[in-house]
Amino acid sequence: MDRPDVSESPNAIPWPPIVLFGSIGLGFVLGWLIPLPWLDGQAVELAFYAGLLMILAALVIDMRVTRLFRRHGTTLLPHKGADALVTEGPFAWSRNPIYVGNLLLIGGVGLAAGELWHLILVPVAAALIDRLAIEREEAHLAAKFGQAWRDYERRVRRWV
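Residues numbered from 1 in each chain as written. Predicted model: local features only at pLDDT ≥ 70, side-chain atom pairs only at ≥ 80, totals over all residues. Heavy atoms only, no water.

The interhelical angle for the contact between helix α1 (residues 15-33) and helix α4 (residues 116-155), taken along N-to-C directions, is 160°, at an axis separation of 9 Å. For the element pair α1 / α4, the angle class is roughly antiparallel. Taken as a pair, α1 and α4 cross one another with a handedness that is right-handed. Mapping the contact onto sequence places W15, P16, V19, S23, I24, L26, G27, F28, L30 and G31 in α1 and W117, H118, L121, A125, L128, I129, L132, A133 and E137 in α4. A breakdown of the residues in the contact of α1 with α4 according to their chemical character gives 14 nonpolar, 4 polar and 1 charged. (Axes fitted to C-alpha atoms, helices over the stretch in contact; angles between N-to-C directions. Helix = DSSP H or I, 4+ residues; strand = E, 2+ residues; numbered from the N terminus. Parallel < 35°, antiparallel > 145°, perpendicular 65-115°, else oblique. Left-handed = near helix turned anticlockwise from the far one by under 90°. Contact = heavy atoms within 4.5 Å. Nonpolar A, V, L, I, M, F, W, Y, C, P; charged D, E, K, R; others polar.)

What follows deals with the layout of surface pockets. The space that makes up the largest pocket amounts to roughly 700 Å³. Within the residue set of the lining of the largest pocket, elements represented by two or more residues are α1, α2 (42-72), α3 (97-113) and α4. When residues of the lining of the largest pocket are assigned to their parent elements, the largest contribution, 7 residues, is made by α4. When the residues that make up the lining of the largest pocket are grouped by side-chain class, the tally is 24 nonpolar, 6 polar and 5 charged. (1 Å grid on protein atoms, 1.4 Å probe; cavity = no way out; pocket = protein on both sides within 12 Å on 5 of 7 lines; lining within 4 Å. Points joined across faces, edges and corners; volume = space filled by probe spheres on them.)

This is the structure:
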């Protein structure tokens, strides 16, 4: 399969949602097949509420980014080309706040569900997103926005 020219589109396949939902699903499957020890006592309740907070944080980030992208007239779809370089809001502290939110969501689901596998899968998902999506997205943004992208890339970290 030919990969698209990054000046037009970063990828032909929307990898980030595949990695997100795949990690969440795989965490549950692994938990069923190979159960890992979990917390006990009051720690279970604390982990549950911490997980809910992480899930809420992920949803807030996604809602904020969605509004920003709509206001700037660009796409949320990770396999479509960008029409605007968004650098405000959550993008002022991370070049990839949606993906930070995705990792929070995976970890939050794990804590809330009492499933250690999700927490183990967070760094795996981060590495996959970095390799399959971010590298090509950043090449796309550099090709499309030139110096404006390079200035932004110098100011703001890739993850946090």
